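Read off the chains here:
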Amino acid sequence: MRIDFKPGNMLYPVPVVMVSCSDGKRNDIVTVAWTGTICTNPPMLYISLRPSRYSYDIIKKSGEFVINLTNERLIKTADECGVKSGRDIDKWKVMKIEQLPSKVVAAPSVKESPVCIECKVENILELGSHHMFIAKVVAVNVDSKYMDVKNKFDLTKADMVVYNHGEYIGLSKVLGTFGYSVKKKKTR
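First things first, this report covers the structure right here in the doc. Just so it is clear, the structure is predicted and the values come from calculations on it, not from any experiment.

A few words now on the packing of aromatic side chains. Tallied over the full model, the rule gives four aromatic pairs. Centre to centre, the rings of Tyr12 and Trp34 are 6.3 Å apart; their planes meet at 55 degrees, and the pair counts as tilted. Here the residue Tyr12 occupies a position in the segment before β1 (14-15), and Trp34 occupies one in the loop between β3 (27-32) and β4 (35-39), the gap between them amounting to 22 residues. Classification of Tyr12 as partly exposed rests on a relative accessible area of 22%.

The subject of this paragraph is the pattern of salt bridges. The full count for this structure, using the stated rule, is four salt bridges. Glu80 is the partner of Lys84 in a salt bridge, and the nearest nitrogen-oxygen pair spans 3.1 Å. Judged by relative accessible area, which is 36%, Lys84 ranks as partly exposed. What makes Glu80 partly exposed here is its relative accessible area of 21%. Note that Lys111 is salt-bridged to Glu98, the shortest N-O span being 3.5 Å. A residue pair is termed long-range when its members are at least 10 positions apart, and Lys111 in the loop between β8 (109-110) and β9 (115-126) and Glu98 in the loop between α3 (91-94) and β7 (99-100) qualify at 13 residues. The exposure class assigned to Lys111 is partly exposed, which follows from its relative accessible area of 42%. Looking at Glu98, the relative accessible area reads 41%, which means it is partly exposed.

What counts as what
Residues numbered from 1 in each chain as written. Predicted model: local features only at pLDDT ≥ 70, side-chain atom pairs only at ≥ 80, totals over all residues. Heavy atoms only, no water. Phe/Tyr/Trp six-rings, centres within 6.5 Å; stacked < 30°, edge-to-face > 60°. Helix = DSSP H or I, 4+ residues; strand = E, 2+ residues; numbered from the N terminus. Buried < 20%, exposed > 50% of the residue type's maximum accessible area, 1.4 Å probe, protein only. Salt bridge = Lys/Arg side-chain N within 4 Å of Asp/Glu carboxyl O.

Put into structure tokens, the structure is as follows:
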């Protein structure tokens with residue numbers, strides 16, 4: 001038996017990330033779950049924010065931000081960054097998050113994050129409750145402790161987290177690799 005729901009966003013799970021930004025005077029972090037890949041070449045992604053969020057104007061004016069991937073060690077911090085406003089507190093100080101200078105953009109990266117993706121805004125789509133910032137990836141910084149012997153990012157080491165209908169869920173089990181369903185078995 002199937003159950004019908006009203007139209008809504010049922011595309012879950014989604015990444016939960018901390019987006020850092022700077023207006024040159026103050027740095028802020030906002031937690032975002034509406035984010036994803038748009039294009040491989042050139043590398044592009046998006047974040048969607050409500051215009052009422054403190055970080056919205058900072059990103060709109062600066063034209064840049066950093067997506068900091070969230071793992072299990074950062075999830076409480078990520079949650080707090082999502083429910084508290086940069087209008088009221090300095091999240092970097094209150095939550096004891098260490099700032100890492102970014103390579104290309106002025107916004108700092110989160111040092112504790114396993115992967116920091118520096119972005120420059122290409123376009124803003126005003127879609128309704130959220131506005132989508134379409135951005136080009138200009139630099140990526142990965143903590144070397146999450147790399148395996150083949151110099152590949154190891155998700156199982158990073159303890160990555162996703163957001164699923166109001167819950168944060170850890171990812172730790174690899175179920176397969178791209179193309180494994182059609183890969184020929186090795187013969188002796």
